[in-house]
Amino acid sequence: MKTIAVVGATGYLGAFICQSLREQGYEVRCLARSEKKLIDAGIASESIQVVDFTSPSSLEGQLVDIDCVISCLGITRQKDGLSYMDVDYQCNANVLDEAVRAGVKKFIYVSVFRGELLRDIDLCNAKEHFVDYLKQSGLAHCVVRPTGFFSDMQEFLDMARKGRVYLFGDGSKKLNPIHGKDLANAIVDSINRDEAVMEVGGPQIFSHKEISELAFDSLGINHKTALIPDCFRRLVLWAGKRFLSESTFGPVEFFLTVMAHDMVAPNHGHRTLADYFEQLNIKSAEINL
């Protein structure tokens, strides 16, 4: 039986990866800054190692007898004084260095679809710096490149609840987002495969406008989608780069830049965005009771 270390286990994707590993019979070791979320998720305390990823000494000995490391360690919003380069690059580099010392056989890293073409974005630049470092390590590896999560699509539903969805351009850019559990299953399947890169999307392709319509349909209300000329998106990026703090602008830069590209990758999984929106609506109704 293989023992797999999950780095970034308390995050949205990390929790699903831990679940998929346990379902497929792997021994799991979860490395995280805090154990509370993992214990709440049903992870046994003996499977949890609390570490400080910014400190190489904190990682010493934590990957002994590990066959494969899966890292989804990263930040969307820069906080606690840590930048994308501090976390998405350096923290992952610290883990990789320890993996090499410990004799780990394989390292799986979750980056971003088309990230290698989006290095002018700070978040992608940090991730791709680590991808470069991983490739040079000599370790067997797989770089996973998902198109986007269903959880990211919640923004469409939130806008629809307020009565109108705002889109840049004509709303025709396409993507096939994926549920975290389907992505986790694909990542776990890659443990025993040889590909160095795995691009992953969900089972259905949508335009941004179609996701807007799906959100309204899930709420049972009329479609009201406002199309904003793309020049305004570019203006926000220009102004944000100059007038917003790096920590504030980072996620804005990422999402506004990605919105201008088609993000369609090979399809995986079976969970649908319509069902995901329905589940969110049920939870919202329960909270409001």
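Since this is a predicted model, take the numbers as computed values, not measurements.

Caption draft 1: The arrangement of the overall build of the protein chain in detail. Helix and strand counts for the protein chain stand at eleven helices and eleven strands. In terms of C-alpha radius of gyration, the protein chain reaches 19 Å, essentially the compact-globule figure of 19 Å for 289 residues. For the protein chain, the distance from the average site of its 31 positive side-chain charges to the average site of its 38 negative ones is 4 Å.

Caption draft 2: Fine view of the packing of aromatic side chains. For the structure shown, the criterion picks out nine aromatic pairs. Seen in terms of ring centroids, Tyr12 and Phe16 are 5.3 Å apart; in terms of plane orientation they differ by 85°. Their pairing is edge-to-face. Of the two residues, Tyr12 and Phe16 both sit in helix α1 (residues 12–23), four residues apart, roughly one turn of that helix. A relative accessible area of 31% places Tyr12 in the partly exposed class. Note on Tyr12 and Phe149: the rings are 5.4 Å apart at their centroids and 40° apart in plane angle, and the pair reads as tilted.

Caption draft 3: Here's a closer look at the nonpolar core. Counting residues in each nonpolar core, the largest one holds 56 residues, and the members touching the most others are Phe53, Leu63, Val69, Phe107, Leu273 and Phe277. If you tally residues by element for this core, the top one is helix α4 (residues 84–102), at eight residues. Setting aside its immediate chain neighbours within four residues, Phe277 contacts Met153, Leu157, Ile211, Leu214, Ala215 and Ser218. Judged by nonpolar contacts, the second largest core, of 31 residues, contains Ile17, Tyr26, Val110 and Cys142.

Caption draft 4: Here's a closer look at a nonpolar patch on the surface. Residues Phe232, Leu235, Trp238 and Phe243 make up a contiguous nonpolar surface patch of roughly 480 Å² in combined accessible area. Position of Phe243 among the secondary structure elements: in helix α9 (residues 230–243). The exposure class of Phe243 is exposed, given its relative accessible area of 66%.

Caption draft 5: View of the side chain of Ser71. Assignment of secondary structure puts Ser71 in strand β4 (residues 68–71). Engagement of the side chain of Ser71 in a polar contact is seen with the side chain of Asn92, the distance being 2.5 Å. If sequence neighbours within four positions are ignored, Ser71 has contacts with Val7, Asn92, Phe107, Ile108, Tyr109 and Val110.

Caption draft 6: Just the sheet that holds strand β2 (residues 27–32), in detail. One open sheet holds the seven strands; their spatial order is β3-β2-β1-β4-β5-β6-β9, and the pairing between them is parallel. Edge positions in the open sheet fall to β3 (48–50) and β9 (197–200), since each of these has one partner strand only. Recorded for the sheet is a direction-independent mean angle of 20° between the axes of neighbouring strands. In the packing of helix α5 (residues 122–136) onto the sheet, contacts are made with β5 (106–110) and β6 (140–146), and the angle to β5 comes to roughly 165°. Strands β4, β5, β6 and β9 of the sheet are contacted by helix α7 (residues 180–189), whose axis makes an angle of about 160° with β9.

Caption draft 7: Representation of the pattern of salt bridges. Taken as a whole and judged by the stated rule, the model has 13 salt bridges. Here Glu98 makes a salt bridge to Arg101, at a shortest N to O gap of 2.9 Å. Of this pair, Glu98 and Arg101 both sit in helix α4, three residues apart, which is roughly one turn of the helix. Salt-bridge contacts for Glu116 lead to Arg145; the nearest nitrogen and oxygen are separated by 3.4 Å. Taken together, the positions of Glu116 in the loop between β5 and α5 and Arg145 in strand β6 put the pair 29 residues apart, joining distant regions of the chain. Arg145 sits in the buried class, given a relative accessible area of 5%. The network of salt bridges with shared partners includes Glu116, Glu128 and Arg145.

Caption draft 8: Main features of the pairing of β5. Burial of β5 is extensive: five of the five residues sit out of reach of the surface. Of the two faces of β5, both are covered, the one formed by Lys106, Ile108 and Val110 as well as the one formed by Phe107 and Tyr109. Note that β4 and β5 share four bridges and pair parallel. In the sheet register, Ile70 faces β5, and the bridge partner there is Ile108. Chirality of the crossover, the property in question, places the unit of β5, α5 and β6 among those that are right-handed.

Caption draft 9: The packing of α1 against α7, seen in detail. At a closest axis distance of 8 Å, the pairing of α1 and α7 adopts a crossing angle of 55°. Considering the angle they form, α1 stands oblique to α7. Note that α1 runs across α7; the crossing there is right-handed. Between α1 and α7, the contacting residues are Tyr12, Leu13, Phe16, Ile17, Gln19, Ser20, Leu21 and Glu23 on the first element and Gly180, Lys181, Leu183, Ala184, Asn185, Ile187 and Val188 on the second. Within the contact of α1 with α7, the residues separate by chemical class into nine nonpolar, four polar and two charged.

Calculation criteria
Residues numbered from 1 in each chain as written. Predicted model: local features only at pLDDT ≥ 70, side-chain atom pairs only at ≥ 80, totals over all residues. Heavy atoms only, no water. Helix = DSSP H or I, 4+ residues; strand = E, 2+ residues; numbered from the N terminus. Rg over C-alpha atoms; globule rule 2.2 N^0.38 Å. Lys, Arg positive; Asp, Glu negative; His and termini not counted. Charge placed at Lys NZ, Arg CZ, Asp CG, Glu CD. Phe/Tyr/Trp six-rings, centres within 6.5 Å; stacked < 30°, edge-to-face > 60°. Buried < 20%, exposed > 50% of the residue type's maximum accessible area, 1.4 Å probe, protein only. Core = buried A, V, L, I, M, F, W, Y, C linked by side-chain atoms within 4.5 Å. Contact = heavy atoms within 4.5 Å. Patch = residues over 30% accessible without salt bridge, like charges linked within 9 Å, V, L, I, M, F, W, Y side chains within 5 Å. Areas by Shrake-Rupley, 256 points an atom, 1.4 Å probe, with all protein chains shown as cover. Salt bridge = Lys/Arg side-chain N within 4 Å of Asp/Glu carboxyl O. Polar contact = N/O pair within 3.5 Å; in protein donor to acceptor, adjacent residues only side chain to side chain. Pairing = 2+ DSSP bridges. Axes fitted to C-alpha atoms, helices over the stretch in contact; angles between N-to-C directions. Right-handed = clockwise from strand over helix to strand, strands pointing away. Parallel < 35°, antiparallel > 145°, perpendicular 65-115°, else oblique. Left-handed = near helix turned anticlockwise from the far one by under 90°. Nonpolar A, V, L, I, M, F, W, Y, C, P; charged D, E, K, R; others polar.

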